[in-house]
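Close look at the chain arrangement
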Amino acid sequence: MVEEVMSQINRSATHIRATILANKRVGQYHQIVFGIGDLVKSCRSGNFVAISVGGDSSRMILRRAFAISRVSESASFGGTMELIAAPHGSGSKWLCSQSEGSEVDIVLPLGTAFGIPTTPVNALLVGGGYGSAPLFGLAEVLKGRGCKVDMLLGASTGAKIYAPMEGKRSVNSLKIYTEDGTMGELGRVTDPIKVLIEEKSVDVIYSCGPMGMLRAISELTANTDVVHQCAVEEAMACGIGICMTCVLPVKGEDGQISMLRSCIDGPVMDGSQVQWHLVGQVPEGHL
Amino acid sequence: MSDFDFSTTLGNAYFNTPIFTASGCASSGKELAQFFPLKDIGAVVTKSIMNKPRYGRPTPRMAETPSGMLNSIGLQGPGIEAFLANDIPWLVEQNSRIIISIAGETIEEYATLARKVRSVSGISAIEVNISCPNVENRGLVFACDPEASRRVIDGVRRTIGGELPIIAKLSPDVTNLPEIAKGVVESGADALALINTVLGMVINLDTMRPHLGGKTGGLSGPAIKPVAVRAIYQVHAVLPQIPILGMGGVVSGRDALELILAGASGVSVGTASFGNPHAAIDIQNELRELLITKGFPSLKAAVGYAHREAQL
């Protein structure tokens, strides 16, 4: 490796074939564990991976992006990485159907990571659907730094909540909200946030889930001292910054709005900088 | 194997190897440099740059299709000044060969861009993209109009002088591609890039409206490879002396060889890099092996080989 040739972009990204060590159904989702060896050392909470799906003769030519749920190291398996996949589209269905022992083509780790505070803070982790996946790994890191970690999970219905038993140990509190009341409290995951901010019981919000949820949290934290780090999700073709499809309008320090790639300038972004009202539009004054 | 001559030329520009990135599929190179040294492939063709910064089209910008994808980026970019100041010096440092791709909304904009590129050192050639399908006004796709195509290339040639090779990037979405190709060559193009994406559309069954923010998009990937082979074959048949940089759905060395046999002197890898960041270097290695296995003494010996007379 020639260090000086490398640019900062994708600086930890490695293209490997990884073996599936475990693949089990958890409610509506699949929890899939891969052996990735020493690469666990460069994976951070918030990073994602891009997986080739469908096999060599597939008509699906694009990789699928998955947030890293957590990484760990053990004597028996070495470095392992866990992903949570929802078998919705044909690509994720293919991945969920892969048995233990099969090899998968992966590029990892990709994208930005959640910023970890240097001093203990009150952290609120908010997940929508299986957007909760990367939050449990993050919770462990934050707890390790002495943070108070509260978690709110929400979904349209109870079956779409992803909250593994072992994950619950890494948070101080966990509250669940469903829109149909089939699990936890009836309502939206964003409902309690306003009061928590007013009570000054939260310093940093980490969020991952649908864009509507991320936008709602950004509106609640606007004009407050609460920092909002959100992991965005926008359709991407490459995951490595070359296709320019996954862009979001983001205001820079100079006040200028740029269309930033959610794969290399994200997925973790400062929620207060994302111009949510312009998503799906082109800022005025330019083509 | 060491005797095998893998080099190619486009106009007076020499390249050690014949595999390039495709414009718009490698940004300006930094993103791919983590995966292989950029100097190991023929050249990096940078994303088509316009004179002013540009936001491009609204999202969604992408839809996967069977063996392909639609994109609707709309030439997002930082503008030529920032591009030349920030991206080109880095590429030069990598010892990468560089082809700058330019796109304009008017004939004057192309000439302006050519003037700014002319003074840059370390550039092997200029690609004049007159065929981006993702512009607001379909009438602005110069490559669909023989006269407009000629005038753009003529303007760039007059501005840039005789040194830097001009590669005109054409669209397959035309009635008579050989005529348009002849026109731009007469106006001063040294080489042709074939093909740009094919205009397409996907309807979203949830919203029951066009899926892409820009409604239409450019189809790329293996789905369009036969269109590329046809276009290259047709143009090479009427302009056998004009080098063609072929592209369209190449994902393997075999695909690259097909384009070369049809008449391409070099092959660009685009959409394949989205699925495999090592695609360009992998394809280049496969192609070298394949040419040697088939008994070709050089890459050049294979260019247009599919056109030879039938042997009885």
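Residues numbered from 1 in each chain as written. Chains lettered and ligands numbered in written order. Predicted model: local features only at pLDDT ≥ 70, side-chain atom pairs only at ≥ 80, totals over all residues.

For the rest of this paragraph, the subject is the overall build of chain B. In terms of regular secondary structure, chain B is built from eight helices and 16 strands. For 312 residues, the compact-globule estimate of 2.2 N^0.38 gives 20 Å, and the C-alpha radius of gyration of chain B, at 18 Å, lies within 12% of that figure. In terms of its C-alpha atoms, chain B occupies a principal-axis envelope of roughly 55 × 50 × 40 Å. Taking all 312 residues of chain B together, the buried fraction comes to 60%. Put simply, 73% of the contacts in chain B that link residues at least 6 apart link residues at least 24 apart. (Helix = DSSP H or I, 4+ residues; strand = E, 2+ residues; numbered from the N terminus. Rg over C-alpha atoms; globule rule 2.2 N^0.38 Å. Buried ≥ 20, exposed ≤ 12 C-beta atoms within 10 Å, placed from the backbone. Contact = placed C-beta atoms within 7 Å.)

Moving on to the interface of chain A and chain B. Between chain A and chain B, the residue contacts involve 34 residues of the former and 38 residues of the latter. Of the residues assigned to the side of chain A that touches chain B, the class counts are 21 nonpolar, nine polar and four charged. (Nonpolar A, V, L, I, M, F, W, Y, C, P; charged D, E, K, R; others polar.)

Quick look at the domain arrangement of chain A now. Residues and elements named next belong to chain A. Split into domains, chain A comes out as domain 1 (3-110) and domain 2 (122-278). The C-alpha-based centres of domain 1 and domain 2 are spaced at 22 Å. Listed per partner, the contact involves 22 residues of domain 1 and 22 residues of domain 2. Of all the secondary structure elements, the ones that give two or more residues to the side of domain 1 that touches domain 2 are β3 (48-51), β4 (64-74) and β6 (103-110). The element contributing the most residues to the side of domain 1 that touches domain 2 is β4, with five residues. Counted by class, the side of domain 1 that touches domain 2 contains 14 nonpolar, six polar and two charged residues. (Domains from an automatic or database assignment.)

A separate point is the packing of helix α5 (residues 225-238) of chain B against helix α6 (residues 253-262) of chain B. Each pair of packed helices can be summarised by the angle the axes make with each other and by the distance between the axes. All names here are of chain B. Packing of α5 against α6 leaves a shortest axis separation of 8 Å and a crossing angle of 25°. Regarding the angle of α5 to α6, the classification is roughly parallel. Residues K225, A228, V229, I232, Y233 and H236 of α5 touch α6, and the partners they reach there are D255, E258, L259 and A262. The residue inventory of the contact of α5 with α6, partitioned by class, reads six nonpolar, one polar and three charged. (Axes fitted to C-alpha atoms, helices over the stretch in contact; angles between N-to-C directions. Parallel < 35°, antiparallel > 145°, perpendicular 65-115°, else oblique.)

So, on to the sheet that holds strand β7 (residues 98-102) of chain B. Residues and elements named next belong to chain B. Taken together, eight strands build an open sheet; the order of strands is β3-β16-β15-β10-β9-β8-β7-β4 and the sheet is parallel. The outermost strands of the open sheet, each flanked by one partner alone, are β3 (19-21) and β4 (44-45). Pairing geometry for strand β8 (residues 125-129) and strand β9 (residues 166-169), over four bridges, is parallel. Each residue of the ladder has a partner; that of V128, found in β9, is A168. (Pairing = 2+ DSSP bridges.)

In globular proteins that are soluble, nonpolar side chains generally tend to be buried together. Counting residues in hydrophobic clusters, the biggest one holds 197 residues, and the most contacted among them are A:V49, B:I126, B:V128, B:I167, B:A168, B:L192 and B:I232. Filtering out sequence-adjacent residues up to four positions away, B:A168 remains in contact with B:V128, B:I130, B:I153, B:V184, B:A189, B:L192 and B:A193. (Core = buried A, V, L, I, M, F, W, Y, C linked by C-beta atoms within 7 Å.)

A:P109 follows A:L108 through a cis peptide bond whose omega is -15°. Relative to the helices and strands, A:P109 is located in strand β6. Of the consecutive residues B:T59 and B:P60, the connecting peptide bond is found in the cis state with omega at -5°. Assignment of secondary structure puts B:P60 in the loop between β4 and β5 (62-65). A positive phi is found at B:M208, a non-glycine position, where the angle reads about 55°. Counting through the fold element by element, B:M208 comes out in the loop between β12 (203-204) and β13 (209-210). Positive phi outside glycine occurs at B:K215, with the angle close to 65°.

So, about the pairing of strand β10 (residues 191-194) of chain B. Residues and elements named next belong to chain B. What you see with β10 is no split at all: A191 and A193 on one side and L192 and L194 on the other are buried throughout. Strand direction decides the pairing type here: β9 and β10, joined by three bridges, are parallel. Paired with A168 across the two strands is L192, which belongs to β10. Once the chain exits β9 it traverses helix α4 (residues 177-186) before rejoining the sheet at β10, and the crossover so formed is right-handed. Pairing of β10 with strand β15 (residues 244-246), which is carried by three bridges, proceeds in the parallel orientation. Counted as the bridge partner of L194 is G246 from β15. (Right-handed = clockwise from strand over helix to strand, strands pointing away.)

Moving on to the pairing of strand β1 (residues 14-26) of chain A. Residue and element names in this part refer to chain A. As paired elements, β1 and β6 share six bridges and run antiparallel to each other. Its bridge partner being in β6, H15 is matched across the sheet by V107. Between the end of β1 and the start of strand β2 (residues 29-35), which pair antiparallel, lie two residues, with G27 showing a positive phi angle near 60°.

Residue and element names in this part refer to chain B. With twelve residues, helix α2 (residues 107-118) should reach 16 Å at 1.5 Å per residue; the first-to-last C-alpha distance of 17 Å fits that figure. Looking only at α2, the buried set comprises Y110, A111, L113, A114 and V117. Looking straight down α2, one finds its buried side chains confined to an arc of 160°; they lie on one side. (Expected span 1.5 Å × (residues − 1). Arc of directions from axis to C-beta.)

Attention now moves to the packing of α6(B) against helix α8 (residues 279-293) of chain B. Residues and elements named next belong to chain B. Taken N-terminus to C-terminus, the directions of α6 and α8 make an angle of 65°; their axes are 8 Å apart at the nearest point. In the packing of α6 onto α8, the handedness of the crossing is right-handed. For the pair α6 and α8, the contacting residues are G253, R254, A256 and L257 in the first and I283, E286, L287, E289, L290 and L291 in the second. Classifying every residue of the contact of α6 with α8 by side-chain character gives six nonpolar, one polar and three charged. (Left-handed = near helix turned anticlockwise from the far one by under 90°.)

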